[in-house]
Amino acid sequence: MNKVILDQEAFGLSSLMEKIARVRVKDCFKDEEIIYFVVAPGELGKAIGKGAINIKRAQEEFGKRIKLIEYNDEVVRFIKNIIYPAKVEEIIEENNIIFIKDSSKKTKSLLIGRGGKNLKLINRAVKRFFNKEVKVV
């Protein structure tokens, strides 16, 4: 596992999220509309909060949507956590490349996203912790 280094902005966002939800944030990154937080294993429920109160409070504080991802030391399990609630037929690891396989065009298009945006986010999260590439087939 790689050591994740946060830039100044990500560190600030992570600190605020840790204060709001009282959980350990392992990583933080964002795109135009969503801020993604990778939380420590077993802390996803606590991060969400009763009635999703922590997510609601964080969304008001940041002025953006929030997506929480539970970290896992096992890369395949971590990818399943990233793409949740989407379900795929299988995830296979071969020579530092992870293939997400599904026969449904709808699922593939959701995983890839417009202009490959979603796949870039998946790859970013996986490379930060495991230094592996993800491909959808």
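Residues numbered from 1 in each chain as written. Predicted model: local features only at pLDDT ≥ 70, side-chain atom pairs only at ≥ 80, totals over all residues. Heavy atoms only, no water.

1. Points about the overall build of the protein chain
Scanning the protein chain from N- to C-terminus turns up six helices and six strands. Listing the helices and strands of the protein chain from first to last along the sequence gives α-β-β-α-α-β-α-β-β-α-α-β. Over its C-alpha trace the protein chain gives a radius of gyration of 15 Å, about what one expects of a compact globule, namely 14 Å for 137 residues. Across its three principal directions, the C-alpha atoms of the protein chain cover 40 × 30 × 25 Å. Across the 137 residues in the protein chain, those meeting the buried criterion constitute 42%. Once local pairs closer than 6 in sequence are excluded, the contacts in the protein chain between residues at least 24 apart make up 53%. When the accessible surface of the protein chain is summed, it comes to about 8200 Å², and 50% of that surface belongs to carbon and sulfur atoms. (Helix = DSSP H or I, 4+ residues; strand = E, 2+ residues; numbered from the N terminus. Rg over C-alpha atoms; globule rule 2.2 N^0.38 Å. Buried < 20%, exposed > 50% of the residue type's maximum accessible area, 1.4 Å probe, protein only. Contact = heavy atoms within 4.5 Å. Areas by Shrake-Rupley, 256 points an atom, 1.4 Å probe, with all protein chains shown as cover.)

2. Describing the layout of surface pockets
In this model, the largest pocket occupies a volume close to 450 Å³. Lining the largest pocket are 19 residues, and of these Y36, K67, I82, L110 and N118 lie nearest its centre. Looking at which element gives the most residues to the lining of the largest pocket, the answer is helix α6 (residues 117-130), with four residues. In this structure, the second largest pocket encloses a volume near 360 Å³. If you go around the second largest pocket, you meet 19 residues; those closest to its centre are R77, K80, N81, Y84 and P85. Elements represented by at least two residues in the lining of the second largest pocket include exactly α2 (44-48), β3 (65-70), α4 (75-83) and β4 (90-94). (1 Å grid on protein atoms, 1.4 Å probe; cavity = no way out; pocket = protein on both sides within 12 Å on 5 of 7 lines; lining within 4 Å. Points joined across faces, edges and corners; volume = space filled by probe spheres on them.)

3. Some words on the nonpolar core
Counting residues in each nonpolar core, the largest one holds 24 residues, and the members touching the most others are F78, I79, V126 and V134. Of all elements in the fold, only β2 (34-39), α4, β5 (97-101), α6 and β6 (133-136) reach the threshold of two or more residues within this core. Counting residues per element, this core draws most heavily on α6, which supplies seven residues. Within the second largest apolar cluster, 17 residues are counted, among which are M17, A47, I55 and F62. (Core = buried A, V, L, I, M, F, W, Y, C linked by side-chain atoms within 4.5 Å.)

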